[in-house]
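An overview of the molecular structure
As a plain string of letters, each chain reads:
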Amino acid sequence: MSEPKPKAPDSPPPDSPPPDSPPPDTPENERTRALVVLSFWTVVLLLGLPLWWFTTSIYRAPLPLEEMQSWANGRACRAEFPLLVDVEAPTLPDPENLLKTVQHALDDANDFSAHHLRLRLAYGKDDERISTTIQSDLQPERKGETGGPEDEEESVAAILRLAPGTSGSTHSYQLHNSSRVIDLYYSPSYNPSSSASSTSLALFISNTLQEIFREEQQMISHLLSSAAAPSPSPPPASSGSNNSSNGSNKINKAEIQRKMSRIMRYSPTYHLTFSMFTASGSPTSWEVEQSIEDYLQPLLDALSGISNFTVDSQIQFYASLSPNVVPVWVPTNPEVVVPEDQQQQPQPGKWVLKKEDLSSFINSAEWPLVSITSYPTINFIVYIPSKEQTPLAIPESATNAFLLPQWGGVMVLNPTEESHTGHISKKDLKPAMDIFAAQLLSLLGAPSRPLSLPIRIDSLTRQRSAELLTSASSSLGSLYSLTKALPSISIPTSVLTSVGSTLSSLTNACRELKKGRFGGPGGALEEGRNAAYQAEKAFFEKSMVGQVYFPEEHKVAVYLPLLGPVGVPLIMNALKWIFGMVKEWKANRRGAAV
Amino acid sequence: MRLLRRLIAVVLATSLISAAVGSSSSAVGSSSSSAVVDDDDHYEYDENLLLKTLPGNSVLASFRFVMNGTFNNHHSVFPRSLAQILSQSHARELHLKFSLGRWDAERWGTPIGKAGGTGVELWAWVEADDDAGADKRWTTLTNALSGLFCASLNFIDGTRTIRPVMSFQPEGHHSEREMERLHLLHGSLPREPVCTENLTPFLKLLPCKGRAGISSLLDGHKLFDAQWQSMSVVIKPVCDGDRCRLQVEQTVDMVLDVERSLQRRDSPVPKPRSIEQLNCDATKFYGVGDACFPQADLADLPWSLAEIFGRPIRGVCPLARSGSEEPAAHVCAVVPAGRPIFVSQDSYEVKRQDGTRCFVLPNGKDFDIILPLQSPPLPQDISPPPLYASRSFTGHGQERGGVQAVLRNPSPTDSVEFIYLESLPWFMKPYLHTLRTTLSPPSPLDPLRSLFYRPVLDRARGAHLEAALTLPPNSTLTLSYDFDKSVLRYTEYPPDANRGFDVAAAVITIPRTGFAIRTTSLLLSLPTPDFSMPYNVIILSSTVIALAFGSIFNLLVRRFVAADAMPRRGARLMTVRGKILAVVKRLKERGAKRKTE
């Protein structure tokens, strides 16, 4: 309408015959038209497309990808586990020299540099220190406060007390159940001036310490190496262990692997459920509350520095085994021929479960074992077979119990005559509780040796720290590859904050590990716990997952009725204009050439 | 599945470890050996079954299981899963009801037990500091129960939750101080189809799990074939002086049609009977030949437990111990006085004062009750309920409608004071000014004593109406109000939107006696759009925009040329036309010349 009807001055007179093509337009009109098309395109390109882009694009927060990758590869932090061993040698002349030799021996023998023992001679106030140490042994986090100012920084892994042994004896050592003290009795024939004697003692000390911490070292080395395995540059730890690979080491590897596969994933809280499943209607009660209080609670208290535990118990009657679990009757003495007249008498023997049936022993369809807690549940089951199937035995098990990796433990308790009356006393439950305690430690991943519980719990702290560090790092790695692999998922800011918090916690944890502060507030375990929690939170962000399943085709289908009719004239006109320009340019060139 | 993947390792627990643990524990353990008071009624479990014949060859079977537990974490007969849910959600008292079918009060009299409305009904007293906290815990509770009972309880959200003010009173014992912190929340899902998947977890909570005792009769096929059935779980603290315990009462009530059960037994596939087997009334003149006028209630049909439940009771549940004062009677039967009952051997009968015949189950042996054929049928004494209630929709069209509840007091002497509670979905918007109460026969007294009303908030909460009413003897009260129907958003419609929307049953409680009945649930039809509409809208609006754009763009960009400036399309055609026109012109001219000549 705004366009004036072209009244070309050179239009043919009405009487002349009509031409074959419309008359050429005026240059102003051509220019106006070009400007119109151009302005449309400008609006589309400058306003339309950016608007469309911004309103339909997915928000992706800028993640520190490089840093995440370096943690996932294990390049960001070389975890170190320096263990401090205090040496008390009040009676030994020239202990410094001996310590130097032992330290050398330890350093030489150590093939995994991240985990190393450091000896320190404890001076003065020894007696006082030891006594406080022993008292506070079950609460490892209190150690820092009771020790000297140096101890605030670093916790002591063990105390080696050197004392002369009885005359005529060789070197020997002794561990205590409930303290970190290692009593080492050296042979009275020890002579510090003689180098042979000194070397033999030094060697003995270093071997002893290595033996005590060997399992922990293997576990941590396994954890760190398996976490870093997919990375292109394996840390020196794995190459070190490769050098010394011999037969026994390989067996150890399999053993460690087996142990690792049992361990529950770390959680700050675990729920323990003690269940009594009886195949019949009896027994109807058990003294589980007191048994737990007396036999298990001390252990749970000792472990409270690592994880907390909530406990409940239940009795389930008429709990049948899965239909495919059928015990077999095995007579005790198959050779004995039972006389004809005694055939009716019950033959001595037992019911034995097949080993392959143990995997389906838990009848999860029928047995109510699920908890609604948000943290993992460890189940301990006392199974009481029916009278017809008593005694029921598990093959190759002296304790009649077995452990279900990452799940819990089961013990078959064959009722005695009096316990069939309907009550299971605390005395009857003691063996079960002892086994459950052992199973709990092994499910949590505590090393099976040495004897001393505080040392084992300390080991567990270090091990869990390493595990948390590697799991947080690998979560970051997964998040990294996820964001790389799926460009269409959104990354909200909450993920960015979580990743930031993970990274700072990881850095802190790494620093604390180097300092040797494992447990306690602000220690490596706590930082690692936070790192793992935040990393999981970032990875399992709900809004990220939702976007993945949004089909892109829908968007196109919705916009097509608009984009098609609008886009086609725009593109056609642009093409026409471009062709016109090209033609004109060619004509101009030809004209110029002529 | 997870189980299958689990590796198995047999732990040979070393004596080393047990020694380590044992010694560390003994130091602490020796001091704390205070014995827990262990008396028997802490762990008591009671179950009983009431069988009652009803008119019209129906049998009411009412199962009741009571389990007592402690408040700590160590459970015996009390189900651990329920205890865990209670502690996680801080619920102090909980009522959960699943119901199916309708209790026919006109035929069957006073309802037995306290059944909920059709579908699922849940109410609980939750301990919390404020309303927001209570809502959060209520969500926890509904989600946990939803998982435990395989029901859609997690759909009880803010729009389906109300806080009744008058209707419900706690049944358990709560101290004054506790009551101040308790929040009562109520929600219902009238549409929930109650079925076997709800019964299975229900049975798992019982100590004998359906393997022994009366629970061995409970089978989904029979239970959900009943004319009316209701399952309920009530958890409450029960105090006896200072000593309190947590009690869970699970009940299953059902009305079985004996004729139908027997027919099912004879032929699992329902088939029409042959004419000889029909009971025809020959006295009717049209009841001859092929026509049959059915004759009902000719006889009380014979039945036994094994026939109507498909199996007998499998012995006694050894854990079932009822109160110490009398021998435990597990199965009781209420039949007309003249009707004989035969029971299995090894069980003995306990006579009650009120004529109820109770039996003690044998240990380890099957138990059955047999009632022989009784013809002519014996009269049943049916006690009328204190109130009859029915509710229906009035009006027509998809814009607005009305609700009318008819409540009848059958008693000739006593007036009834009751509370009428209605929880409406948010898309039903009642007009309170249209609320009318009409008494018939008319009476000067205003039946409406007090009224509580909380209006609708769109998509946030539903309407909550509670009215305290008085109904004079032998009269009928009609309560009615009008409402508007909302139009829902496209995504808010369920997959089968044209079926309609269920409106939860109204709850009628008589506070004086604690008696409660429910009306039936209603089916509300809302204006339902054509569900291809959004795509049509998108395509149409896109087309309009594209049209506008196209015409403007063309106007601006197209060059307009005079028609004769362009080569004529079909120029030859034009010349032919021109020639014809010229010829015609010439002929006309010639004609004109002749005229002039």
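What counts and what doesn't
Once a new chain begins, its residue numbering starts again from 1 and follows that chain's sequence as written. Chains and ligands are labelled sequentially in the order written, the chains with letters from A and the ligands with numbers from 1. Only residues with pLDDT of at least 70 are given local features in this predicted model, and only at 80 or more are side-chain atom pairs given and counted; all residues enter the totals for whole chains, interfaces and linings. Excluded from the side-chain calculation are hydrogens and water; included are all heavy atoms of the structure. The helix and strand labels rest on DSSP assignments: H or I over at least four residues marks a helix, E over at least two residues marks a strand, and numbering proceeds from the N terminus. Under the scheme applied here, a residue whose accessible area is under 20% of the maximum for its type counts as buried, over 50% as exposed, and between as partly exposed, the area being computed with a 1.4 Å probe on protein chains only. Here, two residues are considered to be in contact whenever any of their heavy atoms come within 4.5 Å of each other. Accessible areas in this description were obtained via Shrake-Rupley with a 1.4 Å probe; residue shielding takes into account the shown protein chains only. Only Phe, Tyr and Trp rings are paired, with Trp represented by its six-membered ring, and only when their centres lie within 6.5 Å; those with planes under 30 degrees apart are stacked, over 60 edge-to-face, the remainder tilted. Two conditions define a charge sitting above a ring: the NZ of Lys or the CZ of Arg must be within 6 Å of the ring centre, and it must be within 35 degrees of the ring normal. For two strands to be treated as a pair, DSSP must find no fewer than two bridges joining them. Whenever a pair of cysteine sulfur atoms sits within 2.5 Å, that pair is classed as a disulfide. The salt bridge criterion pairs a side-chain nitrogen of Lys or Arg with a carboxyl oxygen of Asp or Glu, the two atoms within 4 Å. In this text, buried Ala, Val, Leu, Ile, Met, Phe, Trp, Tyr and Cys residues form a nonpolar core when linked through side-chain atoms within 4.5 Å. Helix axes are fitted to C-alpha atoms over the stretch in contact, other axes to C-alpha atoms as well, and angles between N-to-C directions run from 0 to 180 degrees. For classification purposes, angles smaller than 35 degrees are called roughly parallel, those larger than 145 roughly antiparallel, those between 65 and 115 roughly perpendicular, and all remaining angles oblique. Handedness of a crossing follows from how the near helix is turned relative to the far one, being left-handed for an anticlockwise turn of less than a right angle and right-handed for a clockwise one. Multiply 1.5 Å by the residue count of a helix minus one, and that product is the helix's expected span. Counted as a polar contact is a pair of N or O atoms within 3.5 Å, where, for protein atoms, one must be capable of donating a hydrogen and the other of accepting one, and residues adjacent in sequence contribute only when both atoms are in side chains.

1. Some remarks on the overall build of chain B
Across its full length, chain B holds 12 helices and 27 strands. For chain B, the proportion of its 597 residues judged to be buried stands at 46%. In chain B, the proportion of contacts linking residues at least 24 apart, taken out of those at least 6 apart, comes to 73%. Total accessible area on chain B is roughly 30,300 Å²; 55% of this is exposed by carbon and sulfur atoms.

2. Points about the environment of Ser-261 of chain A
Residue and element names in this part refer to chain A. Inspection of the secondary structure puts Ser-261 in helix H8 (residues 247–262). Residue classification places Ser-261 among the partly exposed residues on the basis of a relative accessible area of 27%. Sequence separation of Ser-261 and Gln-406 is 145 residues, and the distance between their C-alpha atoms is 7.6 Å.

3. A short note on the packing of aromatic side chains
For any two aromatic rings, the description comes down to two numbers: the centre-to-centre distance and the angle of the planes. Residues and elements named next belong to chain A. Using the criterion set out here, one finds 26 aromatic pairs over all chains in the structure. Taking 6.2 Å as the distance between ring centres and 85° as the angle between the ring planes, the aromatic pair formed by Phe-361 and Trp-367 counts as edge-to-face. Across the pair, exposure class does not vary: Phe-361 and Trp-367 are buried alike. Pairwise contacts between aromatic rings join Phe-277, Phe-361, Trp-367, Tyr-383 and Phe-402 into one cluster. Positioned above the aromatic ring of Phe-518, the side-chain terminus of Arg-462 is 5.4 Å from the ring centre.

4. Some words on the pairing of strand E22 (residues 463–471) of chain B
All names here are of chain B. In terms of burial, E22 is largely enclosed, as 9 of its 9 residues are buried. By the alternation rule, side chains of E22 split into Ala-463, Leu-465, Ala-467, Leu-469 and Leu-471 and His-464, Glu-466, Ala-468 and Thr-470, which are all buried. In terms of strand pairing, strand E19 (residues 416–424) meets E22 through 9 bridges, oriented antiparallel. Its bridge partner being in E22, Glu-422 is matched across the sheet by Leu-465.

5. Here's the deal with the state of the cysteines
Residue and element names in this part refer to chain B. For the coordinates displayed, the defined rule picks out 5 disulfides over all chains. Bridging Cys-239 to Cys-244, the disulfide has an S-S length of 1.9 Å. Measuring the twist about the S-S bond at about 100°, one finds the Cys-239-Cys-244 disulfide to be right-handed. When the bonded cysteines of chain B are counted from the start of the sequence, the pairing works out to 1-6, 2-3, 4-5, 7-8. Considering cysteine sulfurs only, Cys-195 is the nearest to Cys-150, which forms no disulfide, with 11 Å between them. The exposure class of Cys-195 is partly exposed, given its relative accessible area of 31%.

6. Brief notes about the side chain of His-75 of chain B
Along the chain, His-75 of chain B turns up in the loop between strand E2 (58–69) and helix H3 (80–89). Owing to a relative accessible area of 6%, His-75 of chain B belongs among the buried residues under this scheme.

7. Let's talk about the pattern of salt bridges
Evaluation of the coordinates by the stated rule reveals 39 salt bridges over all chains. One salt bridge in this structure joins Asp-357 of chain A and Lys-354 of chain A, with 3.7 Å as the shortest N-O distance. With a relative accessible area of 8%, Asp-357 of chain A lands in the buried category. We note a salt bridge from Arg-391 of chain B to Glu-422 of chain B, for which the minimum N-O separation is 2.0 Å. Taken together, the residues Arg-391 of chain B in strand E17 (residues 388–394) and Glu-422 of chain B in strand E19 connect sequence positions 31 residues apart. Judged by relative accessible area, which is 0%, Glu-422 of chain B ranks as buried. What emerges from the salt-bridge pattern is a single network uniting Arg-92, Glu-127, Asp-129 and Arg-181 of chain B.

8. Comments concerning the nonpolar core
In terms of nonpolar packing, the biggest core is built from 189 residues, with Phe-274, Leu-303 and Leu-440 of chain A together with Phe-63 and Phe-149 of chain B touching the most fellow members. Top element by residues in this core is helix H11 (residues 453–485) of chain A. It accounts for 11 residues. In this structure, Leu-465, Leu-469, Leu-524 and Leu-526 of chain B belong to the second largest nonpolar core, which totals 36 residues.

9. Side note on the sheet that holds strand E5 (residues 161–162) of chain B
Strand-to-strand pairing in sheets goes through backbone hydrogen bonds, with the strands running parallel or antiparallel. All names here are of chain B. In space, the 11 strands of this open sheet follow the order E5-E6-E4-E3-E7-E8-E2-E1-E11-E14-E13, with mixed pairing throughout. Strands at the two margins of the open sheet, each flanked by one partner only, are E5 and strand E13 (348–351). The pairing of strand E3 (residues 91–101) with strand E4 (residues 119–127) spans 8 bridges and is classified as antiparallel. Note on E4: the bridge partner recorded for Ala-91 is Val-126.

10. Brief notes about the packing of helix H2 (residues 65–73) of chain A against H11 of chain A
All names here are of chain A. In the contact formed by H2 and H11, the axes pass within 8 Å of each other and the chain directions differ by 135°. Viewed along their axes, H2 and H11 adopt a mutual orientation that is oblique. Judged by the sense of rotation from one axis to the other, the crossing of H2 with H11 is left-handed. Contacts from Leu-65, Met-68, Gln-69, Trp-71 and Ala-72 in H2 reach Ser-473, Leu-476, Gly-477, Leu-479, Tyr-480, Thr-483 and Lys-484 in H11.

11. Considerations on helix H5 (residues 131–149) of chain B
Residues and elements named next belong to chain B. Counted at 1.5 Å a residue, the expected span for H5 with its 19 residues is 27 Å, and the 26 Å between its end C-alpha atoms agrees. Where H5 is concerned, the buried positions are Ala-134, Trp-138, Leu-141, Thr-142, Ala-144, Leu-145, Ser-146, Leu-148 and Phe-149. In the segment just after H5, Cys-150 is the residue with positive phi, at about 50°.

12. Structural notes on the side chain of Glu-121 of chain B
Residues and elements named next belong to chain B. Locating Glu-121 in the fold gives a position in strand E4. Residue classification places Glu-121 among the buried residues on the basis of a relative accessible area of 4%. One polar contact links Glu-121 to Arg-518, side chain to side chain, over a distance of 2.7 Å. For Glu-121, the contacting residues outside a window of four places in its chain are His-95, Leu-96, Lys-97, Gly-116, Phe-168, His-186, Gly-187, Ser-188, Val-507 and Arg-518.

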